[in-house]
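What follows is the residue order along each chain.
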Amino acid sequence: MKLRVLGLVGLGLALCLPQLASGEEAVLHVSPGTGDISTLDPHRASATQDVALVSWIYNGLVRFKPGSADPKDLESDLAERWEVSPDGKIWTFYLRKDVKFHGDWGSLNADDVVYSLQRAMDPGRSTFSSDFAAVDNVQKLDDLTVRITLKYPDINFLARVSNYHGGNIVSRRAVEELGDKFGSRPIGTGPFAFVEQATQQYVKLAANPNYFRGKPKIDEIMARVIPSDSARELALTSGELDLIAGKREQRWVDSAHRRAGFNVDIFRPGEYRLLHINQSMPPLDDIRVRRAIAAAINVDDLVRYVGKNVGPRGCSVVPSGYLGEDCSVRYTFDLAKAKALLAEAGHPDGVTIKAIVSNISAQQPIMEIIQAQLAKAGIRLEMQVVDHPTYQAQIRKDLSGVVFYGAARFPIADTYLSEFFHSRAIVGTPTAATNFSHCAVADREIEQARTAADPETQLALWKEAQRKIMDAVCAIPLFELRQVWAHSDRLNFGYELNGALNLAPPITELTTLKAH
C-alpha cells in the first residue's frame, strides 16, 4: 500500500502501465460514498457526492489545473484567452472554436455562456448567486466573445468563472427544453457525458468522444451508491471498485496503510467543520446559552479523535488558510463557565436541544462526542440520526437546533461569510444558502468588503465581520476535515494530486486504468 498525502501520486507510473487488450473497455468503478446523487445541475449541486460527478461533466471559462486547488494554477478552459481592463471591471473572454456539447445538443457559443452566468447569478435558479454579487452585466459581443462588466473590482472574479459551482457552463437549449429534468439529464462539455441513473444504485457516465482536449482513455465511469464505509473498503480490496471516498479518520488511514492494494490520497481543501447554533429556536436565542455551548465543547478532543493529519483544528468561522481568516476572537473550553452561564440564563438544571444528525462516518461519531461533552455541562443534546439525504433536506427546513456542517469553498473569506453568515443566506428564505444560525450581525462588513478600495481595508472589514460573528456565537469553529480517498493499483490519475476544489480526484482525458 502506498500512502499519498498532499500530492505524492507519481506521474511516472503512467509510463509502465500494461495496456488493456484490444477491444476491452476501460471502465472506472467508483463510489463517492454518502448517499444518492440528488442533482447534477451544476448551479444547484452542493452535496459532496453531487459536486464530484458535476466536475467530470462540465467545464468553466477557466479551470483549476487538475490536481490543484490553488488559485495561482487557474488556466484556460472553455475560454482560450481573456483580457481585463486596467480598472479591473471589464473582463473579455474569447471562447474556443468547435467545442461540442454532449450528444446532439450542438456547439458551445457565447449565448450559452451568457445564459449560464445569468442563471448562476439568479437566486431563483442558483445556489451560488451570492458569488456573482459583483457582476453588473454579461454581454455577447459575437458568437465566440463574451464581455462581463463588474460593479467593482473583484480579486476573486476569475475563480468565480472557473469549473466550480456557478462557474460551470450549461447548454442553454438543453436547460430550456428539459426544464426541471435537467438536473437528472445533465448536458455539459466535459470529458464525460451522462448516460443513466438508477436511484440509490448508480450513475453511469461515458467518455465524450468529441471532448476538445481529446477523447478520454477511460471509456466509462460507473459511480455506485455505497453509503457503508466497510462495504466500499471491501469492494476496493476485492477489485470491484477502483476509487472510493475513504473514511476521514486517522485510524482509518493508518489501517488502510496496512492493506495491500490501497493507495490513500489526503488532499485539500478540507471541508471546514462548524457547529452552527440556530438563534431562532429557544433557548438558543439567549446568547448566554450559546456561550455555554461554546465553553462546553473541547475541540482538542475532537481533533485527537479525527487525527491531526486528517482534521487539523480551526480557530475562526472562516476556514484555516483562507485569505482574510482572522483568529482574534477564540472560544476556550471551560466547563465551570458553561454551567455558570446556564445558571445565569435561568437554566440551573440544564437545557435540552434537538439536532438532526447524519449517519455518515464523517458526522455521527463526532456528534456523539459533542453530545457527551455537552452533557457534562447539563446540556442535553437529543439527536435524531437520519440518512445523509434526509439530513441535507431537514437542516434546510430549519428543523435543527444545532447543525454540524462542513463545506469547502473558494479560499477567500467572502465566500464563507456570504454563504453561511449573511442574512440573505438564511435557510427557509427566498435567497437561502447555508446560514443555519440565522446570523445577521455582520451584513454591513461583508457587503462593504466586496467593494473595498484596497486589500488592507478589505482585510479589516473581514476581521470585523469575524469578530461580530464570533461575539454573537453564531457558530463554533471545530476543524478542517481534509479529503480522504483511496484508489487501486490499476488507476493512475495522470497528474499529481495536491488538491481538488470539487472534493474528488478529477478524472480527465489523461486518467488511465491498467488491465486486471
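Residues numbered from 1 in each chain as written. Predicted model: local features only at pLDDT ≥ 70, side-chain atom pairs only at ≥ 80, totals over all residues. Heavy atoms only, no water.

1. Remarks on the packing of aromatic side chains
Then, in step 1: Tallied over the full model, the rule gives 13 aromatic pairs.
Then, in step 2: A ring pair is formed by Tyr-405 and Phe-420, whose centres lie 5.9 Å apart and whose planes are at 55°; its orientation type is tilted. In this pair, Tyr-405 is assigned in strand β16 (residues 402-407) and Phe-420 in helix α12 (residues 413-421), connecting sequence segments 15 residues apart. Neither residue differs from the other here; Tyr-405 and Phe-420 are each classed as buried.
Then, in step 3: Members of the aromatic cluster, connected to one another through ring pairs, are Tyr-272, Tyr-322, Tyr-405, Tyr-416, Phe-420, Phe-421 and Phe-436.
Then, in step 4: In this structure, Arg-81 is placed above the aromatic ring of Tyr-94, and the distance from its NZ or CZ to the ring centre is 3.9 Å.
Then, in step 5: For Arg-259, the ring lying beneath its charged end belongs to Phe-262, and the centroid distance is 5.3 Å. (Phe/Tyr/Trp six-rings, centres within 6.5 Å; stacked < 30°, edge-to-face > 60°. Helix = DSSP H or I, 4+ residues; strand = E, 2+ residues; numbered from the N terminus. Buried < 20%, exposed > 50% of the residue type's maximum accessible area, 1.4 Å probe, protein only. Lys NZ or Arg CZ within 6 Å of the ring centre and 35° of its normal.)

2. Concerning the nonpolar core
Then, in step 1: Among the nonpolar cores identified, the biggest contains 157 residues, and Ile-148, Ile-297, Ile-379, Phe-421 and Leu-478 are the most heavily contacted of them.
Then, in step 2: Of all the elements, strand β17 (residues 475-487) adds the most residues to this core, at eight residues.
Then, in step 3: Those residues within four positions of Ile-297 in sequence are excluded, and the remaining contacts are Leu-275, Leu-302, Phe-333, Ile-370, Gln-373, Leu-374, Ile-476 and Leu-478. (Core = buried A, V, L, I, M, F, W, Y, C linked by side-chain atoms within 4.5 Å. Contact = heavy atoms within 4.5 Å.)

3. Quick word on the state of the cysteines
Then, in step 1: Counted by the stated rule, this structure contains two disulfides.
Then, in step 2: Here Cys-315 pairs with Cys-327 through a disulfide, and the sulfurs are 1.7 Å apart. Residue Cys-315 is located in the loop between α8 (299-306) and α9 (335-344), and its partner Cys-327 is located in the loop between α8 and α9; the two are separated by twelve residues in the primary sequence.
Then, in step 3: For Cys-315, a relative accessible area of 13% translates into the label buried.
Then, in step 4: Cys-439 shares a disulfide with Cys-474; S-S distance 2.2 Å. (Disulfide = S-S within 2.5 Å.)

4. A short note on the side chain of Ser-361
Then, in step 1: Here Ser-361 lies in the loop between β14 (351-358) and α10 (364-375).
Then, in step 2: At 2.7 Å, the side chain of Ser-361 and the side chain of Asp-229 are in polar contact.
Then, in step 3: If sequence neighbours within four positions are ignored, Ser-361 has contacts with Asp-229, Lys-247 and Glu-249. (Polar contact = N/O pair within 3.5 Å; in protein donor to acceptor, adjacent residues only side chain to side chain.)

5. Description of the packing of helix α13 (residues 443-450) against helix α14 (residues 455-471)
Then, in step 1: Contact geometry of α13 with α14 gives a least axis separation of 8 Å together with a crossing angle of 160°. Put simply, α13 runs roughly antiparallel to α14. Viewed along their axes, α13 and α14 form a crossing whose handedness is left-handed. Where α13 approaches α14, its residues Arg-444, Glu-445, Ile-446, Gln-448 and Ala-449 are matched on the opposing element by Gln-458, Leu-461, Trp-462, Glu-464, Ala-465 and Lys-468.
Then, in step 2: Partitioning the contact of α13 with α14 into residue classes produces five nonpolar, two polar and four charged. (Axes fitted to C-alpha atoms, helices over the stretch in contact; angles between N-to-C directions. Parallel < 35°, antiparallel > 145°, perpendicular 65-115°, else oblique. Left-handed = near helix turned anticlockwise from the far one by under 90°. Nonpolar A, V, L, I, M, F, W, Y, C, P; charged D, E, K, R; others polar.)

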